[in-house]
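The chain contents come next:
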Amino acid sequence: VGEEAKQMLGRTPGNITAIRPMKDGVIADFIVTEEMIKHFIRKIHKRNAFANPRIIICVPTGSTPVERRAIQEAGYAAGARKVQLIEEPVAAAIGAGLPISEPQASMIVDIGGGTTEIAIIALGGIVCDESIRVAGDEFNLDILEYMRREHNLLIGERTAEKIKIHIGSALQELDTPPEDYAVFGRDLMTGIPKQIIVSYSEIARALDKSIMKVEEAVLRALEQSPPELSADILTNGIWLTGGGALLRGLDKRIAAKTKLKVHIAEDPLRAVVRGTGTALKNIGRFKFLMTA
């Protein structure tokens, strides 16, 4: 489960299967998701075999009632006494320390693994939102496809993710460019393993179409926002969270597209989980944000 299982993706022998139970932010395999939640409960309550904790789970804003119900059912089946849901951009905004209960608007763009969640939040609620299934996983597939197309090199998803982390960029020209990265894979012409050196500007080209989709979704959310809140967004800017916020130059690219200030939250990778933890600790204060 977790990081240990991730290391096994694409490397397992015939008798072991590495499964990704969540896809695009929702459940793809109910039974395995239930087992994963059970594992997390056991990890926290080491001594207590009969623990039945209260659980809060993040859901994408674009998820359907059926998908949300499935997530809750998995939590109850894993032994929780109460399962509540909180929407991802709201959790990200709490984790980023934004004043979501105030009448002034905060705009959050959370680029996670399966989905990019964009929301304008005021008075503790989402005023308008946009959810697209283009995020970290899609970026990995873009890199994988680019390597196949441009270099005749077949790589796995884990290698694509390593490339994204080491030299992933949203701009083809950076002020402080990262060093070129050595990529290992299989030559599609000969079938023999080979190594190539890749630069950040190549990865920026590979990711360009997906990042354009994120930019378009940000513009759509801005178009929907009430004029009273537009002034707040102009003053406060846009906040980026999620692993995708770590792409080099993404803040500058979105700022150039929207003509607004763009900030990256502190530790963007864990903003959603930190926000969910804060909501769980202060359940009385944030109760109105959750659905039972």
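Keep in mind the model is a prediction, meaning the values are calculated, not measured.

1. Focus on the overall build of the chain
Broken down by element type, the chain carries 11 helices and 12 strands. Each principal axis of the C-alpha atoms in the chain carries an extent, and together these give about 60 × 50 × 30 Å. Here the chain holds 292 residues, and the buried ones make up 45% of them. Accessible surface for the chain amounts to roughly 15300 Å². Of this, 54% is attributable to carbon and sulfur atoms. Within the chain, the 37 negative side-chain charges are centred at a point lying 6 Å from the centre of the 37 positive side-chain charges.

2. Some points on the packing of helix H2 (residues 30-44) against helix H3 (residues 65-77)
Relative to each other, H2 and H3 sit at 50 degrees, their axes nearing to 8 Å. Relative to H3, H2 is oriented oblique. Crossing of H2 over H3 shows right-handed handedness. Of H3, the residues touching H2 (which contributes Phe30, Thr33, Glu34, Ile37 and Lys38) are Ala70, Glu73, Ala74, Gly75 and Ala77. Within the contact of H2 with H3, the residues separate by chemical class into five nonpolar, two polar and three charged.

3. Notes on the sheet that holds strand S6 (residues 116-122)
Read from one edge to the other, the open sheet built from five strands follows the order S7-S6-S5-S11-S12, with strand pairing classed as mixed. With one partner strand each, in any of the chains shown, strand S7 (125-132) and strand S12 (262-264) form the two edges of the open sheet. The mean inter-strand angle of the sheet, taken between neighbouring strand axes irrespective of direction, is 20 degrees. Together, strand S5 (106-111), S6, S7 and strand S11 (238-241) form the strand contacts of helix H4 (residues 88-95), whose direction differs from that of S6 by roughly 70 degrees. Running over the sheet, helix H8 (residues 227-236) touches S5, S6, S7, S11 and S12 and is turned about 115 degrees from S6.

4. Here we look at the side chain of Asp142
Within the fold, Asp142 resides in helix H5 (residues 136-151). Salt bridges are absent for the buried Asp142, whose nearest opposite-charge side chain, Lys213, sits at 7.0 Å. Those residues in contact with Asp142, other than ones at most four positions away along the chain, are Ala206, Leu207 and Ser210.

5. Quick word on the pairing of S11
Bridge count for S5 against S11 is four bridges, and the pairing is parallel. From the neighbouring strand, Val109 faces S11, where its bridge partner is Leu240. Looking at chain direction, S11 and S12 are connected through three bridges and run parallel. Bridging from a neighbouring strand, Leu240 pairs with Ile264 of S12. You can see the chain leave S11, run along helix H9 (residues 250-258) and come back into S12, and the turn it takes is right-handed.

6. Some words on the layout of surface pockets
Here the second largest pocket defines a volume of roughly 270 Å³. Where the lining of the second largest pocket is concerned, the elements lending two or more residues are helix H6 (157-167) and strand S9 (181-187). Here the lining of the second largest pocket is composed, by residue class, of five nonpolar, three polar and four charged.

Reading the values: rules and limits
Residues numbered from 1 in each chain as written. Predicted model: local features only at pLDDT ≥ 70, side-chain atom pairs only at ≥ 80, totals over all residues. Heavy atoms only, no water. Helix = DSSP H or I, 4+ residues; strand = E, 2+ residues; numbered from the N terminus. Buried < 20%, exposed > 50% of the residue type's maximum accessible area, 1.4 Å probe, protein only. Areas by Shrake-Rupley, 256 points an atom, 1.4 Å probe, with all protein chains shown as cover. Lys, Arg positive; Asp, Glu negative; His and termini not counted. Charge placed at Lys NZ, Arg CZ, Asp CG, Glu CD. Axes fitted to C-alpha atoms, helices over the stretch in contact; angles between N-to-C directions. Parallel < 35°, antiparallel > 145°, perpendicular 65-115°, else oblique. Left-handed = near helix turned anticlockwise from the far one by under 90°. Contact = heavy atoms within 4.5 Å. Nonpolar A, V, L, I, M, F, W, Y, C, P; charged D, E, K, R; others polar. Pairing = 2+ DSSP bridges. Salt bridge = Lys/Arg side-chain N within 4 Å of Asp/Glu carboxyl O. Right-handed = clockwise from strand over helix to strand, strands pointing away. 1 Å grid on protein atoms, 1.4 Å probe; cavity = no way out; pocket = protein on both sides within 12 Å on 5 of 7 lines; lining within 4 Å. Points joined across faces, edges and corners; volume = space filled by probe spheres on them.

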